[in-house]
Amino acid sequence: MDPFIAQLCALCTTHRTRAKWVFLPTHSLGRTLGDRLVLEGTDWANLCFVTALDIALRMGAPFLVERGIDPSEEGLGPVLIMRLLLELPEDGGYFRSLADQPTMAQALWTTVRELRMAGVRADQILMEAFVSPAKHKEFRALMTAYETFLETEKRGDMASVYEEAVMHPDWCSIQPQDCWTEFPDAQWSPLQRSLIESMPGERIVPRTFEIAGSILPRRYSGSKVERIPAGPSASSLAFLMAPEPNKPANLKLFHAGGRDAEIDEVFRRILASGRALDQVEITCGTDEYAPLVWEKACRYDWPVTIGPGLRAALTRPGRALLGLCSWIETDFTAGVLRRLLESGDVRMGGVDDLTPGQAARLLVKAEAGWGRATYDISLHRLAKHYRAVADDADRSNEQRAASVQKADRTERLLAWITTILASIPACAQDNQVAIQEIVGSALEFLATCAAKSSALDGAAAVYSCSGVYSR
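Notes on the structure in this doc start here. (Residues numbered from 1 in each chain as written. Predicted model: local features only at pLDDT ≥ 70, side-chain atom pairs only at ≥ 80, totals over all residues. Heavy atoms only, no water.)

**Here we look at the overall build of the protein chain**
- Assigned secondary structure in the protein chain consists of 18 helices and six strands.
- In the protein chain, once contacts between residues fewer than 6 apart in sequence are set aside, the share between residues at least 24 apart is 67%.
- In the form shown here, the protein chain has an accessible surface area of approximately 27200 Å², with 54% of it arising from carbon and sulfur atoms. (Helix = DSSP H or I, 4+ residues; strand = E, 2+ residues; numbered from the N terminus. Contact = heavy atoms within 4.5 Å. Areas by Shrake-Rupley, 256 points an atom, 1.4 Å probe, with all protein chains shown as cover.)

**Here we look at the sheet that holds strand E3 (residues 179-182)**
- The strand order across the open sheet formed by four strands is E2-E1-E3-E4, and the pairing between neighbours is parallel. At either margin of the open sheet sits one strand with a lone partner, and together these are strand E2 (47-50) and strand E4 (202-203).
- Of the strand pairs in this sheet, E3 and E4 are connected by two bridges, and their pairing is parallel. Across the sheet, the residue bridging to Cys179 is Glu202, located in E4. (Pairing = 2+ DSSP bridges.)

**Side note on helix H11 (residues 289-299)**
- The element H11 is largely enclosed, with a buried count of eight among its 11 residues.
- Just beyond H11, the residue with positive phi is Asp301, at close to 60°. (Buried < 20%, exposed > 50% of the residue type's maximum accessible area, 1.4 Å probe, protein only.)

**Quick look at the packing of helix H3 (residues 52-66) against helix H7 (residues 158-165)**
- Contact pair H3 / H7: the axes reach a minimum separation of 7 Å and the direction vectors enclose 80°. Here H3 lies roughly perpendicular to H7, going by the angle between them. Residue-level contacts link Ala52, Leu53, Ala56, Leu57, Met59, Gly60, Phe63 and Leu64 of H3 to Met158, Ser160, Val161, Tyr162, Glu164 and Ala165 of H7.
- A breakdown of the residues in the contact of H3 with H7 according to their chemical character gives 11 nonpolar, two polar and one charged. (Axes fitted to C-alpha atoms, helices over the stretch in contact; angles between N-to-C directions. Parallel < 35°, antiparallel > 145°, perpendicular 65-115°, else oblique. Nonpolar A, V, L, I, M, F, W, Y, C, P; charged D, E, K, R; others polar.)

**Observations regarding the pattern of salt bridges**
- Tallying each qualifying case throughout the model produces 23 salt bridges.
- The salt bridge involving Glu197 is made with Lys224; its shortest N-O contact spans 3.8 Å. Of the two residues, Glu197 is situated in helix H8 (residues 190-197) and Lys224 in the loop between strand E5 (207-210) and strand E6 (226-229); the sequence distance between them amounts to 27 residues.
- Given the relative accessible area of 34%, Glu197 is considered partly exposed.
- The partly exposed category is assigned to Lys224, whose relative accessible area is 47%.
- Notably, a salt bridge pairs Glu411 with Arg387, separated by 3.1 Å at the nearest N-O pair. Linking Glu411 in helix H16 (residues 397-423) with Arg387 in helix H15 (residues 373-390), this pair joins segments that are 24 residues apart in sequence.
- According to the relative accessible area criterion, Glu411 is partly exposed, its value standing at 37%.
- Overlapping salt bridges, with partners in common, bring together Glu182, Arg193, Glu197, Arg203 and Lys224 in one network. (Salt bridge = Lys/Arg side-chain N within 4 Å of Asp/Glu carboxyl O.)

**Description of the side chain of Asp54**
- When you line up the elements, Asp54 lands in helix H3.
- A polar atom in the side chain of Asp54 sits 3.0 Å from the backbone nitrogen of Thr51. (Polar contact = N/O pair within 3.5 Å; in protein donor to acceptor, adjacent residues only side chain to side chain.)

**Some details on the packing of aromatic side chains**
- Under the counting rule described, the total for this entry stands at 11 aromatic pairs.
- Where Trp109 meets Tyr146, the ring centres are 6.0 Å apart and the plane angle is 70°; that geometry is what we call edge-to-face. Residue Trp109 is found in helix H5 (residues 104-117), and its partner Tyr146 is found in helix H6 (residues 133-152); the two are separated by 37 residues along the sequence. Each member of the pair, Trp109 as well as Tyr146, carries the same accessibility label: buried.
- Each member of the aromatic cluster is reached from another via a ring pair, and the members are Phe267, Tyr300 and Trp302.
- Above the face of the Tyr289 ring, Arg259 is positioned so that its terminal group lies 5.5 Å from the ring centre. (Phe/Tyr/Trp six-rings, centres within 6.5 Å; stacked < 30°, edge-to-face > 60°. Lys NZ or Arg CZ within 6 Å of the ring centre and 35° of its normal.)

Rendered as structure tokens:
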């Protein structure tokens, strides 16, 4: 067994009711560890998997908000960095000539972020660290402009949250009677490490394997980790880290012609092994693999969980919510609503004898355009036309009955669209909308109109509602 998993098992068995905290780089890793503990037969009550940011937000964000500082990084990023760069003097610039490079803004933003998470500020950037004096001068000016922007605009980035958090230990969720540990060899930034080191309670030193023949990276040299010699269970990892002439028998390598073929071969080997699916873990090298694994698992009706989660667009409620946003963004264009109805991602909640496909065809016949008022005008006109056909004595009984049915459907469609439009708040004179009203509208749309064809869609609707509410 992995030493860290075994350590958590022993901790949960020894301290069943005691609050136990585990610092992890990502939430997905926490879900994976929780599954591993369950498979080992361990009940992990009062074991909390958290990231450093979870604790930092609880400790620091309220005090930033109290001073009128927005602790969200929304609006901060590559676009802001590029704007600040272009506002710098042109003479002697180093990065300005590279501004047309598509990844320049992202590279600068990543560098600025990493330096701030390391506690480095503009006045601490020394010329000795740069080969080019012009590069040093402009980058230092860029850092200064970014810090000035945060101060003048009352904005806070992630580094601001961590710096504020360590100043308020009384607001820490971890209490002195609790115990805590961290994922071994996780890469923490200096500000994250400073916060973790300041935690109260009993610290449990994590355990991990010591891979024979491998050289420990410098960034791990100061980490507090208990390393134990790797046994036979870690022989595969040892071979990968330090190849030997005689590779372990349980390590098998293969080549495949693309991602699809590679995942198919993995699935075949899982079937050949005879193991239960909850005893198998597929580790993906890049994020592109996870959705593909999930799609293939759905095709074979395999129940699987994805560590990083699934994109909203892979579920019907997620696509329905994105479609609603697109409809609003395009000023309620009928073509966007028609495509949303034809997608199968929405249902006509509370409307009998009218399918989304029929509703889409009625929109085409009504020749609706865009804007809130277009649906009342066009659908009323279409319903009036059908009523006139139904009252025409020269028509056959079948035609008159069909026209009555079409008129009723058109009126029901108009009532359905009117209800949705009424729930979506209109912009005030200052082009502002109360966020609570938008959230309420999205929640109501998901509850009444999002299609759910599987348990995954049902879960997606719940999580989408939670995500909308949290924002």
